[in-house]
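# Inside the fold
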Amino acid sequence: MSMSCSFKLKSHPDKLLKEHLEYVGKLSKNIVEAKTINFKETFAKIAYLVGITHDFGKATTYFQKWLENGERTQYAQHGFLSSLVGYLVVRDFLLNIQKLDEFWYLPGVAWIVINKHHGNLRDILNEEVKKLKDQNELEIIKEQLNDIFSNNLTEVVKIYNSLGYSDISKILSEIKNLENLTQQIRKDIKKICKNGFTDNDLKYYFLILFFYSVLLDADKLDASGRRNLPKRENIPSDIVDEYKKKRFRKPKTKVDIIREKAYNEVSAKVSDIDLINERILSINLPTGCGKTLIGLSFALKLRERIKETFSFTPKIIYSLPFLSIIDQNAKIIEDILKLRYGEITSNLLLIHHHLADIKYKEIKDGELNIEEPNRSLLLTEGWHSEIVITTFIQLFHSLITNKNRAARKFHNITNSILILDEVQSIPHKYWLLINEVLKHLAHDFNCWIILMTATRPLIFGDKEIKELVANPEEYFNAFNRVVFNFDLRTKDFDEFKQEILNKILYSDKNILIVLNTINSCKELYEFLKKELALFYEIDRKDVNIDEDGIANFPDLDLINLSTHILPSYRLRRINRIKNWNSSNSKRRRKIIVTTQLIEAGVDISVDIIYRDFAPLDCLIQTAGRCNRNNESDKGYVNIVILKDEKQEFYKYIYDSTLIDATRGVIEKLNGMIEEKDFILSSIGEYYEFVLKWGSGRKHKESKDILKSIVKLDFSKTAEFDLIQEKLPTVSLFVEIDDTAEEIRKKMEEIFNSKKGFERKLEILQIRKEINNYTIQVRYSKKIEDVIFNLNPIDDLEYYRYIKKSELSKYYEIDAGLRLGEDYLKFIII
């Protein structure tokens, strides 16, 4: 190749290889330099070297021909060759600065990260290392090297000289001795795996995840045309204080005085925190005590103190278990930020979950700008924001993962304050795993973890966690709002239905009935609608169902809530319930029939609750919806055990360990007990039961995954699953109105006219609208025919739709999905 001043090799159809390597290297280095972690200076240089070598293999004529005319052969692959170059470049650098003995593991980490940057991480020792002995793979490497030496060596040398690395020729000569090189890599990887396993140390797992994350983010951002990170924002630490002054009057009621006391007590604890040693923190307060404001205010004040002490500003990641409460909390936080910011941009506040809107907003040149779809997706999924509101699924499946897409955000989780709201929702079989992962994250990557709950689980021992509320008993005793009534006799569901009807007819109270299965929820709702129509002498078909799908009777509204109701209608109904205190709605009673979706965090309040038997933490969370603001002298929470013709409903969905532990605590309480005498004492005893009865069996999942992690068997992390679904799911789009029909037609237009990534981006632009009309339905093999007889959307087997003309057969605005009696026999939850 002649010595030309121009570069010709490309990394992407519209991008020079030299430019891509340069910007990925720089961006990787900038990401690490912005962190406060051990060995930052060395790690930043390693990140740069990984960045400038990650696509080295694209310098072959084979890859260039593939880019130019789609001619792809086995010699066009680039990851393996790039990883060998990256390994040697990192090793050479550490030798030159005389730090190879100290950081002996970094060349191996670089090899892993580069080798898998276009795929998911797998079992490093038993799958990836085998590639180093595969003669077919090594022959490909030899041919690729010969090709570069024969055709593109001059430009390759020039590229690396321009990137500040002048020894690429020496590195390429070393690669020629493939046997020695691959033997050395195998030796390093085996040592990493052995040390991690022997010492039971998560260090190497998280280092790989960190460098993998940095490379993935830098690579994808540059490939998208984005070469700078979003601007950081300085959020005032007292912004919640200012919001409270403007939003709320001076506390007068008993509940408001208690909330203010809790807020001030927790806020004052910021100055008492030992920032080095106290990284796991707890806010243990009753439901309805204002934990959202308390937690955010504390986090912002802690952030300011960390900035003053360590000279870096942590981001805040607010994580919750349920989608049903994310929008509620996000709206509160958005209202707070609006005090200081006219426009809430995505680099200030970002909401991310699998149903979230993907539009990344920034202020550029004084005007609001929405990034183009691909970059919006990358910045959103990469969590580039000061405050991120997300789900436990997104958070923990990015810490315990082998997935390329999930791992990319990991570097933005480091150096952060994590608020884990309603942390009791984490399955107890993962407590040990979450304990180890969060402790490592806190102390090796400078994070602070805040657990918020009314029912604090024993994920951390007392010596591992600092409680920010000096005397939780004081608040639980003061919040003595309800009386629990435990009736542990098994009750037939038909008998219960009649009992609820009588309670509605002969009382004037607002009542919430929380059931364990969708089927029982539907059955009770239909029974009540029918019987109330008879009582009010209304023909059943003439019962008024309003625009929100609520059944209106002369002096009450009957409301049905379950995941078989379209999301937009669920939200509208919840908002109606929350607005009870408006003057127009006070005169009308509310009767709510629901599943557990309203259990935690949803800010509603009723006079009486009936709750089908469930684990104790679920019962207590449900009780938080009763007399929440101390509107009356006492609310009543009735715990009942319901069954169908086969068995108790709780057996369909809950772990027997949790049920046994609950029984062990409350069976001696059969009868009535006040909130102040029950919650704190019982929840501690309950979790002790859980640990005692479940530790041998239930810690097995945690121990198995931890064992895999320290051995770098990343593929085993796929066994970590917070959702724990037992049945397959299908998405059903419901054409309930003209808007839904237009959205469905738009989807089909996109499917017919677009392909691949372009199709994905187009769908993302209307994802929020699609999700408003989509239900996720679990099904068993016995009813596959019912599900798959519905209309397919394009050729997607697991995405069906119900036409407007079919609504009367398959969907009712008030009751939701109805797929016939055969379906109802088999649908449980």
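Residues numbered from 1 in each chain as written. Predicted model: local features only at pLDDT ≥ 70, side-chain atom pairs only at ≥ 80, totals over all residues. Heavy atoms only, no water.

All right, on to the overall build of the chain then. Looking only at helices and strands, the chain has 33 helices and 26 strands in total. Against the compact-globule benchmark of 28 Å for 829 residues, the chain has a radius of gyration of 29 Å, which places it among compact chains. Referenced to the eigenvectors of the C-alpha coordinate spread, the extents of the chain come out at roughly 95 × 60 × 55 Å. Across the 829 residues of the chain, 57% fall into the buried class. Contacts in the chain between residues at least 24 apart in sequence constitute 79% of all its contacts with a sequence separation of at least 6. Accessible area for the chain stands at about 34,000 Å²; split by element, carbon and sulfur atoms hold 46% of it. (Helix = DSSP H or I, 4+ residues; strand = E, 2+ residues; numbered from the N terminus. Rg over C-alpha atoms; globule rule 2.2 N^0.38 Å. Buried < 20%, exposed > 50% of the residue type's maximum accessible area, 1.4 Å probe, protein only. Contact = heavy atoms within 4.5 Å. Areas by Shrake-Rupley, 256 points an atom, 1.4 Å probe, with all protein chains shown as cover.)

For the rest of this paragraph, the subject is the environment of Gly-671. Relative to the helices and strands, Gly-671 is located in strand β20 (residues 671-674). Separated by 32 residues in sequence, Gly-671 and Ile-639 have C-alpha atoms that sit 9.8 Å apart. With residues up to four places along the chain from it excluded, the contact list for Gly-671 reads Phe-484, Asn-485 and Phe-486.

A separate point is the sheet that holds strand β23 (residues 791-793). Spatial ordering of the open sheet is given by β22-β21-β24-β23, a layout of four strands whose pairing is mixed. Each of the sheet's edge strands pairs with one partner strand only, and the pair in question is β22 (774-778) and β23. In this sheet, neighbouring strand axes are inclined to one another by 40° on average, regardless of whether the strands run parallel or antiparallel. (Pairing = 2+ DSSP bridges. Axes fitted to C-alpha atoms, helices over the stretch in contact; angles between N-to-C directions.)

This brings us to the pattern of salt bridges. A complete count under the given rule lists 65 salt bridges for this structure. Between Lys-466 and Glu-278 there is a salt bridge, with its nearest N and O atoms 4.0 Å apart. Separated by 188 residues along the polypeptide, Lys-466 in strand β11 (residues 466-467) and Glu-278 in the loop between α12 (254-268) and β3 (280-284) bring together distant segments of the chain. On the basis of relative accessibility, which here comes to 22%, the residue Lys-466 falls in the partly exposed class. (Salt bridge = Lys/Arg side-chain N within 4 Å of Asp/Glu carboxyl O.)

What follows is about the pairing of strand β17 (residues 589-594). Counting buried residues along β17, six of its six residues qualify, which places the element largely inside the surrounding structure. The alternating pattern of β17 places Arg-589, Ile-591 and Val-593 on one face and Lys-590, Ile-592 and Thr-594 on the opposite face, and all of these are buried. Examined bridge by bridge, strand β13 (residues 511-514) and β17 share four bridges and lie parallel to one another. Bridging from a neighbouring strand, Val-514 pairs with Thr-594 of β17. With six bridges connecting them, strand β16 (residues 556-561) and β17 associate as parallel partners. If you follow Leu-556 over to β17, its bridge partner there is Arg-589.

It is the contact of helix α15 (residues 373-381) with helix α29 (residues 756-765), at a shortest axis distance of 9 Å, that shows an interaxial angle of 75°. Here α29 runs roughly perpendicular to α15, going by the angle between their axes. Here Pro-373, Asn-374 and Leu-377 of α15 come into contact with α29, specifically with Phe-757, Lys-760, Leu-761, Leu-764 and Gln-765. Its residues placed into classes, the contact of α15 with α29 shows five nonpolar, two polar and one charged. (Parallel < 35°, antiparallel > 145°, perpendicular 65-115°, else oblique. Nonpolar A, V, L, I, M, F, W, Y, C, P; charged D, E, K, R; others polar.)

Below, the discussion takes up the nonpolar core. Formed by 216 residues in total, the largest nonpolar core has its most connected members in Ile-175 and Phe-396. Top element by residues in this core is helix α10 (residues 203-223). It accounts for 14 residues. Contact partners of Ile-175, with chain neighbours within four places excluded, come to Leu-84, Val-85, Leu-88, Ile-141, Leu-145 and Leu-181. (Core = buried A, V, L, I, M, F, W, Y, C linked by side-chain atoms within 4.5 Å.)

Turning our attention to empty space enclosed by the protein. Summed over the entire model, instances satisfying the criterion amount to two cavities of 30 Å³ or more. Its boundaries defined by the atoms lining it, the largest cavity holds a volume of some 80 Å³. Residue lining of the largest cavity: 13 residues in total, with Thr-287, Arg-481, Gly-624, Glu-675 and Ile-679 positioned closest to the centre. Of the residues that constitute the lining of the largest cavity, the class distribution is eight nonpolar, two polar and three charged. (1 Å grid on protein atoms, 1.4 Å probe; cavity = no way out; pocket = protein on both sides within 12 Å on 5 of 7 lines; lining within 4 Å. Points joined across faces, edges and corners; volume = space filled by probe spheres on them.)

In this section: helix α4 (residues 79-96). Counted at 1.5 Å a residue, the expected span for α4 with its 18 residues is 26 Å, and the 26 Å between its end C-alpha atoms agrees. After α4 finishes, the residue Gln-98 shows a positive phi value of roughly 55°. (Expected span 1.5 Å × (residues − 1).)

Moving on, we get to the packing of aromatic side chains. Summed over the entire model, instances satisfying the criterion amount to 37 aromatic pairs. Measuring from ring centre to ring centre gives 6.1 Å for Phe-56 and Tyr-160, while their planes differ by 45°; the resulting arrangement is tilted. Here the residue Phe-56 occupies a position in the loop between α2 (40-53) and α3 (61-69), and Tyr-160 occupies one in helix α7 (residues 135-162), the gap between them amounting to 104 residues. The class for Tyr-160 is buried, based on a relative accessible area of 2%. The lysine or arginine in question, Arg-72, covers the ring of Trp-66, its NZ or CZ lying 4.3 Å from the ring centre. Over the ring of Phe-613 we find Arg-663, and its NZ or CZ is 5.4 Å from the ring centre. (Phe/Tyr/Trp six-rings, centres within 6.5 Å; stacked < 30°, edge-to-face > 60°. Lys NZ or Arg CZ within 6 Å of the ring centre and 35° of its normal.)

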